[in-house]
Amino acid sequence: SYDVQLIVTDSSGLSDTITKVNHITVDTVPQVSFTFLNDLCINAGDYPLTGNATPAGGTFTGPGVSGNLIDPVAAGLGFHDIIYTVTNGGCSASDTATTEVISVPTISHPDVGPVCDNSTPFTPQGGTPANGDYTGPGFTNNIFYPDSTSIGVDTIAYSFTDSNSCTVVDSFTIETVAGPNVVVNDTQVCENAGSFVMNNVSPAGGTFWGSGIDSTT
């Protein structure tokens, strides 16, 4: 701050002096820095802007910006300039950073089942894009183990991360049902007994195969 002194002299040589203490204040212009190097996936949700903005306490403006957050959906796809402004007294300074809002893949997965609980473990098919990741009951390393989940319908998450590190998620269901409890009793026959019906099994109506088997005889 600076003092100001005013001296007035009239035509007769008389003078008067007025002094104003701290009458002028010179504010420092802020040294503003704002770097925002992140690309934003359009499904990322509200994203904070404050991490790389100094000094603190400024304001952000730009497409999709509200307070200290940017909403990629509100901003829209493409490149956007975000301005960070800091005010000190009557002096303001700003810095600008550019971010790109990028699109994400469309993801889908069909429902699966019914699957018998004694079926061989498998990786479901039909997810778009392919080669995503599965999370949910019965899954280990993207393989579904029917015997490790309960009978009924489970909701499974299918996620995919693209080359821009954008992740999308869809959900689908797998229905697991109880498989039949098959019992085949041992049979002892003479080698000259001829053909006979295999009826010592439960439940009935199944199919036989093996050496010497012809259909159900």
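Residues numbered from 1 in each chain as written. Predicted model: local features only at pLDDT ≥ 70, side-chain atom pairs only at ≥ 80, totals over all residues. Heavy atoms only, no water.

**Thoughts on the sheet that holds strand 5 (residues 47-48)**
In spatial order, the strands read 5-9-8; together these three strands make up an open sheet with antiparallel pairing. Across the chains shown, the open sheet's two edge strands, defined by having one partner strand only, are strand 5 and strand 8 (65-66). As paired elements, strand 8 and strand 9 (residues 69-70) share two bridges and run antiparallel to each other. Counterpart to serine 66 in the pairing with strand 9 is leucine 69. (Pairing = 2+ DSSP bridges. Helix = DSSP H or I, 4+ residues; strand = E, 2+ residues; numbered from the N terminus.)

**Description of the packing of aromatic side chains**
Under the counting rule described, the total for this entry stands at eight aromatic pairs. Aromatic pair phenylalanine 34 and phenylalanine 60: ring centres 5.3 Å apart, planes at 65°, arrangement edge-to-face. Taken together, the residues span a long stretch of sequence, with phenylalanine 34 in strand 3 (residues 33-34) and phenylalanine 60 in strand 7 (residues 59-61) at a distance of 26 residues. Phenylalanine 60 shares its class with phenylalanine 34; the two are buried. Ring pairing ties together the aromatic residues Phe122, Tyr134, Phe139, Phe144, Tyr158 and Phe172, which thus form one cluster. (Phe/Tyr/Trp six-rings, centres within 6.5 Å; stacked < 30°, edge-to-face > 60°. Buried < 20%, exposed > 50% of the residue type's maximum accessible area, 1.4 Å probe, protein only.)

**A few points about the sheet that holds strand 11 (residues 91-102)**
Strand pairing in a sheet is mediated by backbone hydrogen bonds. Such pairs are either parallel or antiparallel. If you walk across this open sheet you meet the four strands as 4-11-10-7, and the pairing is mixed. Because the sheet does not close on itself, it has two edges, and the strands there are strand 4 (40-41) and strand 7. Pairing of strand 10 (residues 78-88) with strand 11 involves eleven bridges; the strand directions are antiparallel. By the bridge assignment for strand 11, threonine 87 is matched with serine 92.

**Remarks on a nonpolar patch on the surface**
Nonpolar side chains collect at one region of the surface, where Leu6, Val8 and Ile18 lie side by side and expose about 270 Å² of accessible area between them. Tracing the chain through its elements places leucine 6 in strand 1 (residues 2-9). (Patch = residues over 30% accessible without salt bridge, like charges linked within 9 Å, V, L, I, M, F, W, Y side chains within 5 Å. Areas by Shrake-Rupley, 256 points an atom, 1.4 Å probe, with all protein chains shown as cover. Salt bridge = Lys/Arg side-chain N within 4 Å of Asp/Glu carboxyl O.)

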